[in-house]
Amino acid sequence: SPPLVITERIKPVELIKTPAGELVLDFGQVMTGWVEFECNLPKGEKVYLQYGELLQGGNFYNENLRSAKAEYTYISKGESVHVRPYFTFYGFRFVKVEGMKEVNLEDFTGCVIHSELDFLGKIKTSNEKVNRLFENALWSQRGNFLDLPTDCPQRDERMGWTGDAQVFCATASFNMYTPAFYAKYLYDMYLEQKNLGGSVPHVVPDILGQIMKITNNEENIQHGSCAWGDAATVIPWIQYLFFGDKNLLEQQYKNMTAWVDYIKSIDEEHCEGRRLWEHGFHFADWLALDNPDKTSSFGGTKPYYVASAYYYYSSKLTAKAAEVLGKEEEKEYYETLSQEVKDAIQAKYLPDGEITEDTQTAMVLALYMDFVPEGNKEQLISRLKKKLEDKNIHLDTGFVGTPYLCPSLSENGLNEYAY
């Protein structure tokens, strides 16, 4: 894996004295890493730093970090020293300083750390807000690419969530040279898959284990969710599309087949081999805004529709990978499987060619994954167009729908809506 390195050093832009009387350093940018400082205090005196991302009411605030302490204490030995933490990192913009009567901005430095990856792509438009939006995304990547693709660098998770990794992989590969980084992640993933009969845990490495209990009507399960587990097929294929490395695809092909074979085993065991994935827990269109129950993080699109769509998508991608690698028999096997799944989806969710799921995400998946019979495509595009217009061209898609929304609009005559 590429080493973790300090990629940038940032000086604080301001020392804030808050309404609560706190002394807070503002580094002007949310970053991942730590703060180093020069210290010359009498022996036994303490410097106490707390890290946070934002202010609230002008005061230091870090309750959004949940149970993460995000703190550092240094006890002086009575000498002039350069102080830095070891074996940890923080996600922060603001640092509250206690224990120093005088805080000199020049004594503090924010160290930005992430895996050492070459920067590849840049984009600049005539709109500064759009440019800043791209910068924000790049800073998020820098903050989350620490040896594995984490979900967040600041609160009490900082884990390699597979769903986050899957949906961000293409964007990440526009920004940085990612093959070695993802190769390490997929290697770790396959070690987990071997323990789970081909299934993929929600996070890699699977440090959740038995701690995380997700309860639904059927069972407690800590692995095997659609869109999350599909990182095993989507990431290898995206890496091949971006970098064209057949050797890498060959190494990661076992991730792909293990995952698809696992889904098929669930289909055979629990779904009567109907070529629909209608069993178990699924995050599905997580964090979508279209669920009438606003207290829920689940989207409004039926989870088993999303799961079946990914059953098709992953088997299709595996067939494509087999073709690239010259595995003709396996290509035919996974191609046949994907067609059977597609036929089953059309029979259940598009019985007369018109989709029965009335959400942005469901329509986007049908277009992106080509479930819609050709004669019904224009009708579906019109439905999606009206659905967007009813929302004043705002999305209400979640984890699943959002990555495919703009490409689907652009590819189906709605490029202006994508913009």
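Focus on the overall build of the protein chain
Now for step 1: Along the protein chain, the regular secondary structure elements total 11 helices and 12 strands.
Now for step 2: Rg of the C-alpha trace for the protein chain: 24 Å, near the compact-globule value of 22 Å for 419 residues, within the 12% margin.
Now for step 3: Dimensions along the principal axes, computed over C-alpha positions, put the protein chain at roughly 80 × 45 × 45 Å.
Now for step 4: Expressed as a percentage of the 419 residues in the protein chain, the buried residues total 52%.
Now for step 5: For the protein chain, the proportion of contacts with a sequence separation of at least 24, taken over those separated by at least 6, is 73%.

Brief notes about the packing of helix α3 (residues 179–195) against helix α5 (residues 246–270)
Now for step 1: Relative orientation of the contacting elements α3 and α5 amounts to 35°, with a least axis distance of 10 Å. In this structure, α3 meets α5 at a crossing whose hand is left-handed. Across from Pro179, Ala183, Leu186, Met189, Tyr190 and Gln193 in α3, the residues of α5 making contact are Leu248, Gln252, Lys254, Asn255, Ala258 and Trp259.

Section: helix α9 (residues 377–390)
Now for step 1: With 14 residues, α9 ought to run about 20 Å at 1.5 Å a step, and its terminal C-alpha atoms sit 20 Å apart, in line with that.
Now for step 2: Every buried residue of α9 is accounted for by Lys377, Leu380, Ile381, Leu384 and Leu388. Seen from one end, α9 has its buried residues packed into an arc of 100°, which puts them on one side. In α9, those exposed residues whose orientation departs by more than 90 degrees from the buried face are Glu378 and Asp390.
Now for step 3: Looking at the buried residues of α9, the elements they touch are α8 (360–368), α10 (401–411) and α11 (415–418).
Now for step 4: Asparagine 392 sits one or two positions beyond α9 and adopts a positive phi of about 60°.

Regarding the nonpolar core
Now for step 1: Ranked by internal contacts, the top residues of the largest apolar core, which has 84 residues, are Tyr305 and Phe371.
Now for step 2: Considering each element in turn, this core owes the most residues, 12 residues, to helix α6 (residues 303–324).
Now for step 3: When sequence neighbours within four positions are dropped, the list of residues in contact with phenylalanine 371 reads Tyr305, Ala309, Tyr312, Lys342, Ile345, Gln346, Leu350, Leu365 and Ala366.
Now for step 4: The next biggest cluster of nonpolar side chains, apart from the first, holds 31 residues, and it includes Ile10, Phe37, Tyr90 and Val103.

Here's the deal with a nonpolar patch on the surface
Now for step 1: Together, Ile123, Val130 and Phe134 make up an exposed nonpolar region whose accessible area comes to about 240 Å².
Now for step 2: Mapped onto the elements, phenylalanine 134 comes out in helix α1 (residues 128–144).

Description of the state of the cysteines
Now for step 1: With the rule as written, the count across this model stands at 0 disulfides.
Now for step 2: Free cysteine cysteine 111: the closest other cysteine sulfur is in cysteine 39, separated by 16 Å.
Now for step 3: We note that cysteine 271 lacks a disulfide partner, and the nearest cysteine sulfur, in cysteine 226, lies 12 Å from it.

Some points on a negative patch on the surface
Now for step 1: Among the surface-exposed residues, Asp261, Glu323, Glu328, Glu329 and Glu330 lie close enough to one another that they form a single negatively charged patch.
Now for step 2: Counting residues per element, the negative patch draws most heavily on helix α7 (residues 328–349), at 3 residues.
Now for step 3: Here glutamate 328 is to be found in helix α7.
Now for step 4: Owing to a relative accessible area of 45%, glutamate 328 belongs among the partly exposed residues under this scheme.

What about the pairing of strand β4 (residues 46–52)?
Now for step 1: Burial of β4 is extensive: 5 of the 7 residues sit out of reach of the surface.
Now for step 2: Judged from the 5 bridges that link them, β4 and strand β7 (residues 71–75) form a sheet pairing that is antiparallel. Bridging from a neighbouring strand, lysine 46 pairs with isoleucine 75 of β7.
Now for step 3: Bridging between β4 and strand β9 (residues 90–98) involves 5 bridges; their strand directions are antiparallel. Its bridge partner lying in β9, tyrosine 48 is registered against glutamate 98.

A closer look at the side chain of histidine 282
Now for step 1: The topology assignment puts histidine 282 in the loop between α5 and α6.
Now for step 2: Judged by its relative accessible area of 4%, histidine 282 falls in the buried class.
Now for step 3: Within the structure, histidine 282 has its side chain in polar contact with the backbone nitrogen of cysteine 226 (distance 2.9 Å).
Now for step 4: Within the structure, the side chain of histidine 282 is placed 3.1 Å from the backbone oxygen of histidine 279, a separation counted as a polar contact.
Now for step 5: Not counting chain neighbours up to four residues away, the residues in contact with histidine 282 comprise Gly224, Ser225, Cys226, Trp277, Phe298, Pro303, Tyr304 and Ala307.

Thresholds, definitions, all that
- Residues numbered from 1 in each chain as written.
- Predicted model: local features only at pLDDT ≥ 70, side-chain atom pairs only at ≥ 80, totals over all residues.
- Heavy atoms only, no water.
- Helix = DSSP H or I, 4+ residues; strand = E, 2+ residues; numbered from the N terminus.
- Rg over C-alpha atoms; globule rule 2.2 N^0.38 Å.
- Buried < 20%, exposed > 50% of the residue type's maximum accessible area, 1.4 Å probe, protein only.
- Contact = heavy atoms within 4.5 Å.
- Axes fitted to C-alpha atoms, helices over the stretch in contact; angles between N-to-C directions.
- Left-handed = near helix turned anticlockwise from the far one by under 90°.
- Expected span 1.5 Å × (residues − 1).
- Arc of directions from axis to C-beta.
- Core = buried A, V, L, I, M, F, W, Y, C linked by side-chain atoms within 4.5 Å.
- Patch = residues over 30% accessible without salt bridge, like charges linked within 9 Å, V, L, I, M, F, W, Y side chains within 5 Å.
- Areas by Shrake-Rupley, 256 points an atom, 1.4 Å probe, with all protein chains shown as cover.
- Salt bridge = Lys/Arg side-chain N within 4 Å of Asp/Glu carboxyl O.
- Disulfide = S-S within 2.5 Å.
- Lys, Arg positive; Asp, Glu negative; His and termini not counted.
- Charge placed at Lys NZ, Arg CZ, Asp CG, Glu CD.
- Pairing = 2+ DSSP bridges.
- Polar contact = N/O pair within 3.5 Å; in protein donor to acceptor, adjacent residues only side chain to side chain.

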